[in-house]
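Listed below, chain by chain, are the residues.
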Amino acid sequence: MRRHVANVLSIYRSVKRLGIPDSQIILMIADDMACNSRNPRPATVFNNADQQLNVYGDDVEVDYRGYEVTVENFVRLLTSRLPPETPRSKQLLTDEGSNILIYLTGHGGDGFLKFQDSEEITSQELADALEQMWQKRKYHEIFFMIDTCQAASMYEKFYSPNILAMASSLVGEDSLSHHVDPAIGVYIIDRYTFFALRFLEKVQPDSSLNMSSFLAVCPKQDCISTVGVRTDLFSRDPAKVPITDFFGSIRPIELTFIPDNILNKLENNEIVVEEKLTNNKHAKRYYYVPLMPKW
Amino acid sequence: MVEDSNVENEVNDVPIILENELAQQSEEETDRIWAAVSFVVILIVMGVPLWWKMTEVERSYFPYTEIADLHLHNITFPLQISVITTTICSKTLAADLQNFFLKSSLFKVNVEILNSNPWENNTISVLETMPEIHPNKPGYIQLIEVPDLHFKNKIVIGKHRTVYISKGIDTEDIFNFFQKVVLNENILVESVKTVISPGIMSENIDYLRKVRPSPKYDVVFTVVNPQPDKIEFIWNNELFIKTYFEPILQKLLLLSKFRIKSQWLYFVNWQQIPKKKNDRFELNQKQIPHIITPFEKKIGSGVAQNLCINFVLYITKCEHTPTLFVNEQGRTSTAILSARWGGIQLINPKKINCEKQKPLKTDARNVMQIFLAQFKSLLGLIDHSSTDKIVFNETQISLHDWEVDILYRLRILEQFTSSRITLTSLSQLLGEISNIVITDEVGNAVLDAVIANKKILESLSDNNIFEALNYSTRSFVSSEFAFTHPSLLALLYFPDDQKYAVYIPLYLPVMIPVLLSLKNIQTWLKKKYFGTRMPALLRIKIVDIRGLSQKYPTCIHIFAPQHSGDFYKVQMSPVTPHKLTSSAQFSIGRLIHAQRVSVYSSNGNNSSLHGFSSSLVHYFSRSSSAVC
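As the structure is a prediction and not an experimental result, all values here were calculated from the model.

**Student:** Break down the overall build of chain B for me, with residues and values.
**Tutor:** For chain B, the helix and strand inventory stands at 17 helices and 18 strands. Looking at chain B residue by residue over its 628 residues, the buried ones come to 51%. Long-range pairs, those at least 24 residues apart, make up 76% of the contacts in chain B with a sequence separation of at least 6. As presented, chain B carries roughly 30,300 Å² of accessible surface, and 55% of it is formed by carbon and sulfur atoms.

Right, dumping it as structure tokens:
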């Protein structure tokens, strides 16, 4: 389980570093590995035994944690069928112009991915949820990444357009972990994510790399399993899609020009409107109440 | 021979024993059958329907056909144009204009000619100050010829719903002006296109800027001062927002609810280093997109309940002042607009503010004018102030009546299309997956949305935009509510195979004996009501079986071969060969189920067999004549 947490945090770290704010990332982590009593270095999760890269970082905003991480909640999140009191940070507020990166990791098998040791999401459920998103115009394009055993089975059932899918292993193959940390005696991270992170660490927010270089991120000699890619649903050529379309957020920007006839040409930097509201009786001022009475 | 007489006595006794035993048995049998019947009644007659009813997926009425029918009608906006001319021939103008509008798929135009021009000699400036002469409802436009139009295009629009033209204008120009400016048909077409076919990214920049339609927005004003230790910035958020924003928001009351918030942020930095060029600093087109994310983190729009429109006023750092944004063409500005997000404006402090601690003041009007222009762009309006002089005498950014009408139409169209698509998708989903719950709440919301959606068209045909807007909002909100209702997922993750996994271990061990007892009940009923005919089929056959004791038959095997291969063994003691032991009595009790009985003797002692079979015959003869 620990390596899956490191997997997710690696991707989280990368997309955040490349400019996606926390308000647009929904992070679901079933276990609190950083603060686990068996973690010899509390509040850290490293991606390798050399402890060079702390993927836990300074601020990690986990949106769904522990027992909130369920198949039902995941599907509710995708299809926006959340209870009305759900805060916006836990909602997927996308529209027909949004690109979505979905990264899933955990234990899995042919056609399913386990959640919380007790339940699993099947490839059919996932495909149906994505179709619902498409019908509700919740995305423009999706890049779907999954790191689990027989990962390719998870994207085989997809039928909605504009999905680029990538899996750490083909059906019938296991995804392997990268290396063990002797200090805690468990595997640190999975191979596929390890190499993906290594690749993404080199990417800068203004990078001009394209998706096809990312799709080749883990060749067979590194991953041991064969990385599966599905492009038939995707309408664009991955070689022409900048990596920042999914891993970064380049906002469309334009300069605002206001013609001179509208603006005052006052050079003296003075406020034109005088304060008129100061005598407003209804204006209620809030102030901090002192914590301790003064003697 | 003594033995023989004994045998005779015994033979006479047998029927008595049998009869007592059998009567008792038949009573037991009846009790057993009644027990079985009661189980059947409880489990099958009461239990199964109850279980069926209770585990049935709750499905309220869902108007599948009505939703399918929604697509038969398309929206058209009626537009009433009144033409008032003095020198131009109004009849040809009206006819030409009407013809041009046949091209438009969204507008149904009716041109009306008013012959006299009561304001013949009035200038635009005078006409603009007379609010009573302008159409006061959306969907109505007035076209007035004025003598004093000195604009290049010979056409200009006022603040209300009046278009002014002057002599010598082409009708085509008027039509183009209507399409591009007054009605902004492009953005309407675009908004429908992108919703209907989401795969196509819109190329229309005006449409891309627009925030998503929502019944509620949060407008967040943020003043960012990264160096409060060096610069004291004098600014009154509340006053300036009230002075400049409130009048515009007042006009949008019917459209959405705008909640205004303001905040100050200190020590927040945008993490980009502007490049020095001559005496100023520049942030180029590549850097600008990355300045928003650091703000986004601190602005807190993630915790807002509604869609946010952000306006950020950033005081540049002393070491980088003055900073300007520069685009690819080399034009500079202090303000940028990010589509669907909001605007950022820079305030550049002077040396005196940084070094001498002089409080920094700025022209609030200019700052707010820029924000207002950005706000209008974010709503989906085209800012005409920067292009040709299309709007008469525009000295400040404001929201004109005809612009509000564009927003109404845009909103009606978006909500209409969106609710239609949502309902279609929902009906498809519910039609395909039968175990999705449709609660009354969802069912009512869907019905409400369908009815409201139809009423939009009715209201529009009456040229009642306000009513249409209300219905479109209702249709949109109800359909969103129904589509995103959490109850739709309640049973989805309890698929059939899992249902069987729960029910089978629970019910199968109970149901198997109950179902099998049905067979017993059937036989019992047959025996009871058709009992006279049953034993007629009974045949007792006596056959020799060799190899056993020659003198006395030790046992008689009774086969019921046609029944089910049951094998009844009748023990007979050597002394009293005809006395049936208890197991034989039991067997005979069960023989009534058999259709054919064969009695085999192991030593060929037919006389003793005859005695036995006669006792059998005696037993069966109570109801029939068995063949021996």
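**Student:** How would you sum up the sheet that holds strand S4 (residues 108–109) of chain A? Please name residues and give values.
**Tutor:** All names here are of chain A. The three strands lie next to each other as S4-S5-S6, forming an open sheet whose pairing is antiparallel. At either end of the open sheet lies a strand with only one pairing partner, and these are S4 and strand S6 (119–122). For strand S5 (residues 112–115) and S6, the ladder comprises four bridges, and the chain directions are antiparallel. Bridge pairing in S6 links Leu 113 to Ile 121. In the packing of helix H2 (residues 71–79) onto the sheet, contacts are made with S5 and S6, and the angle to S6 comes to roughly 35 degrees.

**Student:** Give a description of the packing of aromatic side chains that names residues and reports values.
**Tutor:** All names here are of chain B. Across all of its chains, the model carries 35 aromatic pairs over all chains by this definition. Measuring from centroid to centroid gives 4.8 Å for Phe 62 and Tyr 64, while their planes differ by 55 degrees, and the two rings are tilted. On the basis of relative accessibility, which here comes to 6%, the residue Phe 62 falls in the buried class. By relative accessible area, which is 33% here, Tyr 64 ends up partly exposed.

**Student:** Quick rundown of the environment of Asp 206 of chain B? Include the residues and the values.
**Tutor:** All names here are of chain B. By secondary structure assignment, the location of Asp 206 is in helix H7 (residues 205–209). Asp 206 sits in the buried class, given a relative accessible area of 17%. Along the primary structure Asp 206 and Val 391 are separated by 185 residues, whereas in three dimensions their C-alpha atoms are 18 Å apart.

**Student:** Explain the sheet that holds strand S12 (residues 332–333) of chain B residue by residue, including any values.
**Tutor:** Sheet strands pair via backbone hydrogen bonds, and the direction of the pair is either parallel or antiparallel. Residues and elements named next belong to chain B. The four strands are arranged S8-S9-S11-S12 in an open sheet whose pairing can be described as mixed. Each end of this open sheet is capped by a strand with a single partner; those strands are strand S8 (275–277) and S12. In the sheet, strand S9 (residues 280–283) pairs with strand S11 (residues 323–326) via three bridges, with the strands oriented parallel. When the sheet's bridge partners are listed, Phe 281 is paired in S11 with Thr 323.

**Student:** Tell me what's going on with the state of the cysteines, and back it up with residues and numbers.
**Tutor:** Here, the word disulfide means a covalent bond between the sulfur atoms of two cysteines. Residues and elements named next belong to chain A. Counted according to the given criterion, the structure contains two disulfides over all chains. For Cys 218, the disulfide goes to Cys 223, at an S-S distance of 1.9 Å. An S-S torsion of about 110 degrees defines the bridge between Cys 218 and Cys 223 as right-handed. We note that Cys 218, like Cys 223, is buried. As a non-bridged cysteine, Cys 149 has Cys 223 as the owner of its nearest cysteine sulfur, 12 Å distant. Judged by relative accessible area, Cys 149 falls into the partly exposed class, the value being 21%.

**Student:** How would you sum up the nonpolar core? Please name residues and give values.
**Tutor:** In this structure, Leu 143, Phe 178, Phe 245, Met 368 and Phe 375 of chain B are the most contacted members of the largest nonpolar core, which totals 94 residues. With 10 residues, the top contributor of residues to this core is helix H11 (residues 364–379) of chain B. Within the second largest apolar cluster, 46 residues are counted, among which are Ile 25, Ala 34, Phe 194 and Val 217 of chain A.

**Student:** Just give me the short version of the pattern of salt bridges, but keep the residues and values in it.
**Tutor:** For the structure shown, the criterion picks out 30 salt bridges over all chains. Notably, a salt bridge pairs Lys 90 of chain A with Glu 68 of chain A, separated by 2.8 Å at the nearest N-O pair. Note that Lys 90 of chain A is positioned in the loop between H2 and strand S3 (99–105) and Glu 68 of chain A in the loop between strand S2 (64–65) and H2, a separation of 22 residues in sequence. The salt bridge partner of Glu 56 of chain B is Lys 53 of chain B, with a shortest N-O separation of 3.4 Å. The network of salt bridges with common partners includes Asp 95 and Glu 96 of chain A together with Arg 212 and Arg 340 of chain B.

**Student:** Tell me what's going on with the side chain of Ser 418 of chain B, and back it up with residues and numbers.
**Tutor:** In this fold, Ser 418 of chain B is placed in helix H12 (residues 401–432). Ignoring sequence-local partners within four residues, the contact set of Ser 418 of chain B consists of Val 195, Phe 476 and Glu 480 of chain B.

**Student:** Outline the packing of H12 of chain B against helix H13 (residues 440–461) of chain B, supporting the account with residue identities and numerical values.
**Tutor:** Residues and elements named next belong to chain B. Taken N-terminus to C-terminus, the directions of H12 and H13 make an angle of 140 degrees; their axes are 10 Å apart at the nearest point. The angle between H12 and H13 falls in the class oblique. Of the two elements, H12 crosses H13, and the hand of that crossing is left-handed. Contacts between H12 and H13 involve Ile 412, Phe 416, Ser 419, Arg 420, Leu 423 and Leu 426 from the former and Val 446, Ala 449, Val 450, Asn 453, Ile 456 and Leu 457 from the latter. Residues of the contact of H12 with H13, tallied by class, amount to nine nonpolar, two polar and one charged.

**Student:** Give me the lowdown on the interface of chain A and chain B, citing residues and values where you can.
**Tutor:** Across the boundary between the two partners, chain A contributes 54 residues, which contact 76 residues of chain B. Overall, the association of chain A and chain B removes approximately 5,900 Å² of surface from exposure, summing both partners, and the carbon and sulfur fraction of that is 56%. Counting across the chain A and chain B interface gives six salt bridges. For the pair chain A and chain B, the number of links is 18 residue pairs in polar contact (both at pLDDT 80 or more). Going through the elements one at a time, H2, helix H3 (123–135) and strand S12 (253–255) of chain A are the ones with two or more residues in the side of chain A that touches chain B. No other element matches H3 of chain A, which puts four residues into the side of chain A that touches chain B. In terms of residue class, the side of chain A that touches chain B is made up of 23 nonpolar, 16 polar and 15 charged. Note that S12 of chain A and strand S13 (residues 335–338) of chain B share three bridges and pair antiparallel. Across the sheet, the residue bridging to Ile 253 of chain A is Ser 338 of chain B, located in S13 of chain B.

**Student:** With reference to specific residues and values, describe the environment of Glu 156 of chain A.
**Tutor:** All names here are of chain A. Structurally, Glu 156 is set in the loop between helix H4 (152–155) and strand S8 (163–167). Residue Glu 156 is classed as partly exposed on the basis of its relative accessible area of 48%. In this structure the C-alpha to C-alpha distance between Glu 156 and Arg 2, which are 154 residues apart in sequence, comes to 27 Å. Apart from residues lying up to four places away in sequence, Glu 156 is in contact with Val 171 and Arg 230.

**Student:** Tell me what's going on with the side chain of Glu 141 of chain A, and back it up with residues and numbers.
**Tutor:** Residue and element names in this part refer to chain A. Positionally, Glu 141 belongs in strand S7 (residues 141–147). Classification of Glu 141 as buried rests on a relative accessible area of 1%. When neighbours within four sequence positions are excluded, Glu 141 is seen to be in contact with Ser 98, Asn 99, Ile 100, Asn 162, Phe 234, Arg 236 and Phe 246.

**Student:** Before we move on, can you summarise unusual backbone geometry with the specific residues and values?
**Tutor:** All names here are of chain B. In this structure, Pro 322 follows Thr 321 across a cis peptide bond, with omega equal to 0 degrees. In this fold, Pro 322 is placed in the loop between strand S10 (307–315) and S11. One non-glycine residue, Asn 463, lies in positive phi territory at about 55 degrees. Among the structural elements, Asn 463 can be located in the loop between H13 and helix H14 (465–483). The class for Asn 463 is buried, based on a relative accessible area of 9%.

**Student:** Before we move on, could you go through the confidence of the model for chain A and cite the residues and values that matter?
**Tutor:** Residue and element names in this part refer to chain A. Of the residues in chain A, 91% reach a pLDDT of 70 or more, and the chain-wide mean stands at 83. Between the elements of chain A, mean pLDDT differs from a low of 82, seen in strand S9 (residues 177–181), to a high of 93, seen in S8. Long-range and interchain partners of residues 267–279, a stretch whose pLDDT sits below 50, account for 24 contacts in this model, where long-range means more than four residues apart.

Conventions and cut-offs
Here the residue numbers are simple positions, counted from 1 along each chain's written sequence. To label them, take the chains in the order written and letter them from A, then take the ligands in the order written and number them from 1. pLDDT decides what is reported in this predicted model: residues at 70 or higher carry local features, side-chain atom pairs at 80 or more are listed and counted, and totals for whole chains, interfaces and linings draw on all residues regardless. As a rule here, side-chain values cover all heavy atoms of the structure and leave hydrogens and water aside. Under the scheme used here, helices are H or I runs from DSSP no shorter than 4 residues and strands are E runs no shorter than 2 residues, and both carry numbers assigned from the N terminus. Accessible area is worked out with a 1.4 Å probe on protein chains only. A residue is then buried under 20% of its type maximum, exposed over 50%, and partly exposed in between. Residues are treated as being in contact if the distance between any of their heavy atoms lies within 4.5 Å. Here the accessible surface of atoms and residues is derived via Shrake-Rupley with a 1.4 Å probe, and residues count as covered only by protein chains that are part of the display. Strand pairing follows a simple DSSP-based rule, namely that at least 2 bridges must link the two strands. For helices, the fitted axis covers only the stretch in contact; all axes are lines through C-alpha atoms, and the angles between them, taken along N-to-C directions, range from 0 to 180 degrees. Here the aromatic set is Phe, Tyr and Trp, taking the six-membered ring for Trp, and pairing holds for ring centres within 6.5 Å; pairs whose planes are under 30 degrees apart are stacked, those over 60 apart are edge-to-face, and all others are tilted. We call a pair of cysteine sulfur atoms a disulfide when they lie within 2.5 Å. Remark: nonpolar core denotes a set of buried residues (Ala, Val, Leu, Ile, Met, Phe, Trp, Tyr, Cys) joined through side-chain atoms within 4.5 Å. Here, a salt bridge means any Lys or Arg side-chain nitrogen found within 4 Å of an Asp or Glu carboxyl oxygen. In these notes the angle categories are as follows: under 35 degrees is roughly parallel, over 145 is roughly antiparallel, 65 to 115 is roughly perpendicular, and the rest is oblique. In this scheme the handedness of a crossing depends on how the near helix is turned from the far one: anticlockwise by less than a right angle means left-handed, clockwise means right-handed. Amino acids are sorted into nonpolar (Ala, Val, Leu, Ile, Met, Phe, Trp, Tyr, Cys and Pro), charged (Asp, Glu, Lys and Arg) and polar (every other residue, Gly among them). By buried area we mean how much accessible surface two parts lose on assembly, using a 1.4 Å probe and totalling the loss over both. Polar contacts here mean pairs of N or O atoms no more than 3.5 Å apart (in protein, one a potential hydrogen donor and the other a potential acceptor; neighbouring residues in sequence count only if both atoms are side-chain atoms). Confidence scores here are pLDDT values: one per residue, from the predictor, ranging 0 to 100.

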